[in-house]
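Here is how the chains run, residue by residue.
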Amino acid sequence: MAQVEEHFDVLTKTGEKTGITKPRSHVHRDGDYHRAVHVWIYAETTGELLVQRRADNKDSYPGLWDISSAGHISAGDSSLVSARRELQEELGVTLPNDAFELIFVFLHEAVTNNGNFINNEFNDVYLVTTVDPIPLEAFTPQETEVSAVKYIKWEEYKSLLAKEDPDYCPYDVTGGYGQLFDILSKRYKDNTEERILSLQKQLDRYASISLGAELSGVTEADKEALVLLIKAAEVMDEIFYSQVWCCNPALRDWLKEHSHQSKLDKLKWMYYAINKSPWSSLDENAAFMTSADSAVKLLVNCTKHVPGWKGLEYKAAFPVAKPPGANFYPPDMDKKEFELWKSSLSDNQQKDATGFFNVIKRHSESDFADSLPENSRGSSNQVSASSNDDLHIVPFSQEYNPFLMKAAELLRKAGDLTDCPSLKRLLKTKADAFLSNDYYDSDIAWMELDSKLDITIGPYETYEDGIFGYKATFEAFIGVRDDESTSQVKLFGNHLKVLEQNLPLDDSYKSKDVVAAPIRVIQLLYNAGDVKGPQTVAFNLPNDERIVNERGTSMVMLKNVSEAKFKHILQPIAAVCIAADQRELVDFDSFFTHTICHECCHGIGPHTITLPSGQKSTVRLELQELHSALEEAKADIVGLWALKFLINQGLLSKTLLQSIYVSFLAGCFRSIRFGLEEAHGKGQALQFNWLFEKGAFILLADGTYSVNFTEVEAAVESLSREILTIQAKGDKAAADLLLQKYGKMTDHLRAAMDNLEKIQVPVDIAPVFTVADKIMSRNLV
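This is a predicted model, so every value here is computed, not measured. For every chain, the first residue of the written sequence is number 1, and numbering continues from 1 along that sequence. Given that this is a predicted model, residues contribute local features only at a pLDDT of at least 70 and side-chain atom pairs are listed and counted only at 80 or more, while totals for whole chains, interfaces and linings are drawn from all residues. To obtain the side-chain values, all non-hydrogen atoms of the structure were used and water was disregarded.

**Concerning the overall build of the chain**
The following threshold applies: Labels follow the DSSP assignment, with helices taken as runs of H or I lasting at least four residues and strands as runs of E lasting at least two, numbered in each case from the N terminus. Here the globule rule reads 2.2 Å times residues to the power 0.38, and the radius of gyration is calculated from C-alpha atoms. We call a residue buried when its accessible area falls under 20% of the maximum for its residue type, exposed when it is over 50%, and partly exposed in between, using a 1.4 Å probe and counting protein chains only. Working rule for contacts: check all heavy atoms of both residues, and any pair within 4.5 Å makes them a contact. Note that accessible areas follow from Shrake-Rupley with a 1.4 Å probe, and for residues the cover is restricted to the protein chains shown. For this count, His and the chain ends are skipped, Lys and Arg are scored as positive, and Asp and Glu as negative. To locate a charge, take atom NZ for lysine, CZ for arginine, CG for aspartate or CD for glutamate.
Each helix and strand counted, the chain has 29 helices and 26 strands in total. Its C-alpha atoms give the chain a radius of gyration of 28 Å, near enough to 28 Å, the size a compact globule of 781 residues would have. Burial status across the chain gives 59% buried among its 781 residues. Expressed as a percentage of contacts within the chain between residues at least 6 apart in sequence, the contacts between residues at least 24 apart total 74%. For the chain, the exposed surface amounts to about 31800 Å²; the carbon and sulfur share of it is 49%. Put simply, the chain has 81 plus and 113 minus side-chain charges, and the middle of one group is 3 Å from the middle of the other.

**Remarks on the confidence of the model for the chain**
Selection criterion: Every residue is assigned a pLDDT by the predictor, reflecting its confidence on a scale from 0 to 100.
Confidence along the chain averages 91 in pLDDT terms, with 97% of residues attaining 70 or more. Of the regions scoring below 50 in pLDDT, residues 369-387 engages in 32 contacts with residues more than four places distant in sequence or in other chains.

**As for the environment of Leu107**
Residue position: Leu107 is located in strand β7 (residues 101-112). Counting along the chain gives 15 residues from Leu107 to Phe122, while the straight-line C-alpha distance between them is 4.5 Å. Look past the residues within four positions of Leu107 in its chain and what remains in contact with it is Tyr33, Glu121 and Phe122.

**Some points on unusual backbone geometry**
Note the cis peptide between Leu541 and Pro542, where omega equals -5°. Inspection of the secondary structure assignment puts Pro542 in the loop between β20 (538-541) and α19 (545-551). For Glu284, which is not glycine, the phi torsion reads 55° and is therefore positive. Here Glu284 lies in the loop between β11 (279-280) and β12 (286-287). By relative accessible area, which is 37% here, Glu284 ends up partly exposed. The phi torsion at Asn285 lies on the positive side, around 60°, for a residue other than glycine. For Asn285, the location among the structural elements is in the loop between β11 and β12.

**Let's talk about the pattern of salt bridges**
Side-chain pairs of opposite charge can arise whenever the charged atoms involved come near each other. Stated formally: Within this document, salt bridges are pairs made up of a side-chain nitrogen of Lys or Arg and a carboxyl oxygen of Asp or Glu, the two lying within 4 Å of each other.
According to the stated counting rule, one finds 50 salt bridges in the structure shown. For the salt bridge of Glu238 with Arg252, the shortest nitrogen-to-oxygen distance reads 3.2 Å. With a gap of 14 residues between them, Glu238 in helix α6 (residues 220-244) and Arg252 in helix α7 (residues 248-257) connect regions that are remote in the sequence.

**Topic: helix α21 (residues 588-601)**
Note that an α-helix has 3.6 residues per turn; residues three or four places apart therefore point the same way. In plain terms, the rule: The span you would expect from a helix comes to 1.5 Å times its residue count less one. Counting of polar contacts relies on pairs of N or O atoms within 3.5 Å, with two restrictions inside protein: one atom must be capable of donating a hydrogen and the other of accepting it, and residues adjacent in sequence are counted only when both atoms are side-chain atoms.
The end-to-end C-alpha separation of α21 is 20 Å, in line with the 20 Å expected for 14 residues at 1.5 Å each. Most of α21 sits out of view: 13 of its 14 residues are buried. Put simply, Asp587 is the residue that caps the front of α21, since its side-chain oxygen is 3.3 Å from the backbone nitrogen of Asp589.

**Notes on the packing of aromatic side chains**
Selection rule: Planes of paired rings set the category: under 30 degrees apart is stacked, over 60 is edge-to-face and the rest tilted, where pairs are Phe, Tyr or Trp rings (Trp by its six-membered ring) whose centres lie within 6.5 Å.
One pass over the structure, following the stated rule, counts 47 aromatic pairs. Pairing Tyr329 with Phe338 gives two aromatic rings, centres 6.0 Å apart and planes at 90°, and the pair type is edge-to-face. Given a relative accessible area of 3%, Tyr329 falls into the buried group. An angle of 45° between the planes, with centres 6.4 Å apart, marks the rings of Trp446 and Tyr460 as tilted. A residue pair is termed long-range when its members are at least 10 positions apart, and Trp446 in helix α15 (residues 440-447) and Tyr460 in the loop between β17 (453-459) and β18 (474-481) qualify at 14 residues. Considered together, Trp446 and Tyr460 belong to a single accessibility category, that of buried residues.

**Brief notes about the sheet that holds β17**
Quick note on the threshold: At least two bridges found by DSSP between two strands is the condition for calling them paired. Axes here refer to lines fitted to C-alpha atoms; in helices the fit is confined to the stretch in contact. Angles between the N-to-C directions go from 0 to 180 degrees.
Taken together, five strands build an open sheet; the order of strands is β17-β18-β19-β21-β20 and the sheet is mixed. Since the sheet does not close on itself, it has two edges, and those belong to β17 and β20, each with one partner. The mean angle between the axes of side-by-side strands here comes to 35°, regardless of whether they run parallel or antiparallel. Here β18 pairs with strand β19 (residues 519-529) via seven bridges, running antiparallel. The residue bridging Ala476 from the neighbouring strand is Ala528, located in β19. Here α21 sits on the sheet and contacts β19, β20 and β21 (554-558); the angle it forms with β21, its principal contact strand, is near 155°.

**Comments concerning helix α24 (residues 656-672)**
Helix length check: α24 (17 residues) gives 24 Å between terminal C-alpha atoms against 24 Å at 1.5 Å per residue, within 8%. Counting buried positions along α24 gives 15 out of 17 residues, so the element sits mostly inside the fold.

**Looking at the nonpolar core**
For clarity, the threshold we go by: Put simply, buried Ala, Val, Leu, Ile, Met, Phe, Trp, Tyr and Cys residues joined by side-chain atoms within 4.5 Å make one nonpolar core.
Ranked by size, the top nonpolar core spans 171 residues in total, and within it Ile478, Phe492 and Phe669 carry the most contacts. With 12 residues, the top contributor of residues to this core is helix α23 (residues 627-648). Apart from residues lying up to four places away in sequence, Phe492 is in contact with Ile519, Thr593, Ile596, Cys597, Cys600, Leu643, Leu646 and Leu652. Residues Leu50, Val146, Val149 and Cys302 belong to the second largest nonpolar core, which totals 26 residues.

**Regarding the side chain of Asp530**
If you trace the backbone, Asp530 turns up in the loop between β19 and β20. Buried charge Asp530 goes without a salt bridge, the closest partner of opposite sign being Lys532 at 4.6 Å. Residues in contact with Asp530, not counting those within four places in the same chain, are Phe240, Glu461, Glu464, Thr473, Phe474 and Glu475.

**Side note on the packing of α6 against α7**
Which entries qualify depends on this criterion: Comment on the angle field: the value is read as roughly parallel under 35 degrees, roughly antiparallel over 145, roughly perpendicular from 65 to 115, and oblique elsewhere. Side-chain classes follow a simple rule in which Ala, Val, Leu, Ile, Met, Phe, Trp, Tyr, Cys and Pro form the nonpolar group, Asp, Glu, Lys and Arg form the charged group, and the remainder, Gly included, forms the polar group.
Remark: α6 packs on α7, axes separated minimally by 7 Å, with the N-to-C direction vectors making an angle of 115°. In this view, α6 runs roughly perpendicular relative to α7, as classed from their interaxial angle. Facing α6, whose interface residues are Glu238, Tyr241, Ser242 and Val244, α7 presents Asn248, Pro249 and Arg252. Its residues placed into classes, the contact of α6 with α7 shows three nonpolar, two polar and two charged.

**Some thoughts on the packing of α23 against helix α25 (residues 679-693)**
Applicable threshold: Two helices that cross are described as forming a left-handed crossing if the nearer one is turned anticlockwise from the farther one by less than a right angle, and a right-handed crossing if clockwise.
Put simply, α23 and α25 touch, their axes get as near as 7 Å, and they point 55° apart. Comparing the axis directions of α23 and α25 gives the class oblique. In this structure, the crossing between α23 and α25 has a hand that is right-handed. Seen from α23, the contacting residues are Ser628, Ala629, Leu630, Glu632, Ala633, Asp636 and Ile637; seen from α25, they are Ala679, His680, Lys682, Gly683, Gln684, Leu686, Gln687 and Leu691.

**A look at the pairing of strand β2 (residues 17-23)**
As paired elements, strand β1 (residues 7-11) and β2 share four bridges and run antiparallel to each other. For Phe8, the partnering residue across the bridge sits in β2 and is Lys22. Hairpin remark: β1 followed by β2, antiparallel, with five residues in the connecting loop; positive phi at Gly15, about 90°.

**Quick look at the side chain of Lys322**
Structurally, Lys322 is set in the loop between β14 (312-315) and α9 (335-343). The exposure class of Lys322 is buried, given its relative accessible area of 17%. Within the structure, Lys322 has its side chain in polar contact with the side chain of Glu464 (distance 2.9 Å). With residues up to four places along the chain from it excluded, the contact list for Lys322 reads Val244, Trp279, Asn285, Glu464 and Lys532.

**Side note on the environment of Glu90**
In this fold, Glu90 is placed in helix α2 (residues 79-91). Taking C-alpha positions, Glu90 is 8.2 Å from Glu143, a pair spaced 53 residues apart along the chain. Not counting the four nearest positions on each side in its chain, Glu90 is found in contact with Gln52, Ser68, Ser69, Ala70, Thr140, Pro141, Gln142, Glu145 and Val146.

**Section: the environment of Cys601**
With respect to the element layout, Cys601 can be found in helix α21. It is 9.6 Å that separates the C-alpha atoms of Cys601 and Glu631, two residues lying 30 residues apart in sequence. For Cys601, the contacting residues outside a window of four places in its chain are Lys634, Ala635, Val638, Gly639 and Ala642.

What follows is the structure in structure tokens.
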């Protein structure tokens, strides 16, 4: 029986799937772009790379020393599964996903065999870092592919390639493939003191601030419930760590366990604890560690048994670039694959695929266990299943089931203890939601919460999903309601309908059904989950468009967090960046008032929209990964517009007006320091650059800025109109152009950032929850 020729996915010149598959021979005949994997095994203690000698019967480079393992990615297969499969088939080494670090993608373009073989190949280059070399007798080379294996010092290997040694397959070490050696050289350079200084500098950007809260108004029953709620919040932490990246929990535990071993280890743990990952939130998510710092794991049965060898120890790998899809999607899934798969689904399945509370996984990853069945060997001669059959939907309730079972039990027990009916209802419905994956009732209960003890817990924000902005992360905020402040802010929620009808937006796009947003002001006691890096001062929830359209939103203001940021960050920023004659206009009331209005303005403007085709959709679905940054910019700039409107209506004092604009200007510099990969930072850069271009902000000769009060009102309105219209149309192309042009670090902004760094103004706070710590320490068994 004739073998079926292997098929490849045909790619564009930029490496995206076209949706077309072709036989291998046709791909190389036609010069189609396609994909392959390279896997390098590196032994850390000896500084050696494993190389294999290609079998003498190979049609290219027979008998030469080459990459540890390599092979094509068949149509429908994933990169990571292909890398694992090739390593097992060629060398008999079976490793889990977290052993493979994608270090770069190398495009190889070549023409051989008198022009008959055109190889345009995107190679996903993986690095597997073992602690010690794997004994050579542990390998099981595939006879048709590999004739021998050996280890070689990476510097020697690089030198041989540079000399074009005839015994080695050629790679241009001065070109793209030289990245392999650059990474190894930099990663294992003895730079301990340099790293200590760098990490200390990064840590110093956070001011450690103790946040207090008064419990005198909390009943004894609620104080008992509070202990259980803090424990439930800690479960949200566990889920969030795994949502960011699959190996995150293991890395966290490893860093914590080894934090006492040296000053460098202590600093790595401290900075990791702030970011909750190896990527720095304030540095455009740049990695501040490498896989060399990662957890060591032991595999006993991943190769052929070797007497006296305890097994393979490897470093749990993490990519230098933070995975844009976090752990919500397969790490090698691209947008094209997702869209092709989604188009094959029913309408209800499409809603689940793009919904908040589901992850997307591969059957092939689940099926690829620690060993492949014998009948799967030689799969290069089989036609792979379509990728449409590979991706599938897994609800949060299933993906995080052990954690959510625990959290649900804690919430139910807390609900039994509390004497507040609305809090009891919230905790019971949220516990049910954790297990049913239906959060509608619990979100309604959260909006109707009327309790001295205030809690927000569950999956809400979508910032971690950098591919589409669809998937929600788990978080928790526990606080005590500030009754006096809460009564003072009702003005804003009560005027949402008026604000909606007067938005600088074509009337056809305005909603007729805006609902007043309840506002609660709290003193924060504890937070957990997606609260990494810069701390939020307020949030406006839920994000579910069904509830937004039916019931509006509700807002929670964290007053003690706002006060800490104003005192320790905004005032020092104003002293450096704001013109001397306007500096006194920066005050806490203006800062806090705009924060309130920002959150209110999340609830107005376009949400559910009608596309030009007549189809109903949402702004989030249409703008995808651009939604978060544009929505934060919208809430900010429309918040400024709304404050001016309320002042004109006589609802706020006119004395606030100039202070609000100048406090906003100072706040621009505060938010931009969060980094332009962060939604708030990027959105703030967009606003600053627009207002600067329109003459609303003026740069003075001494490097400070002032507000031009004659121009700022028109500039605020014009940007509000621009953003609202883009959202109303669901115009992703226009959103992209706007963010590319204005959401960037300009020379003016960079100079201001440098000035703030010179005098070491903190970028944000690292809260210390002293009250919660005391509560939990008293309840330790």
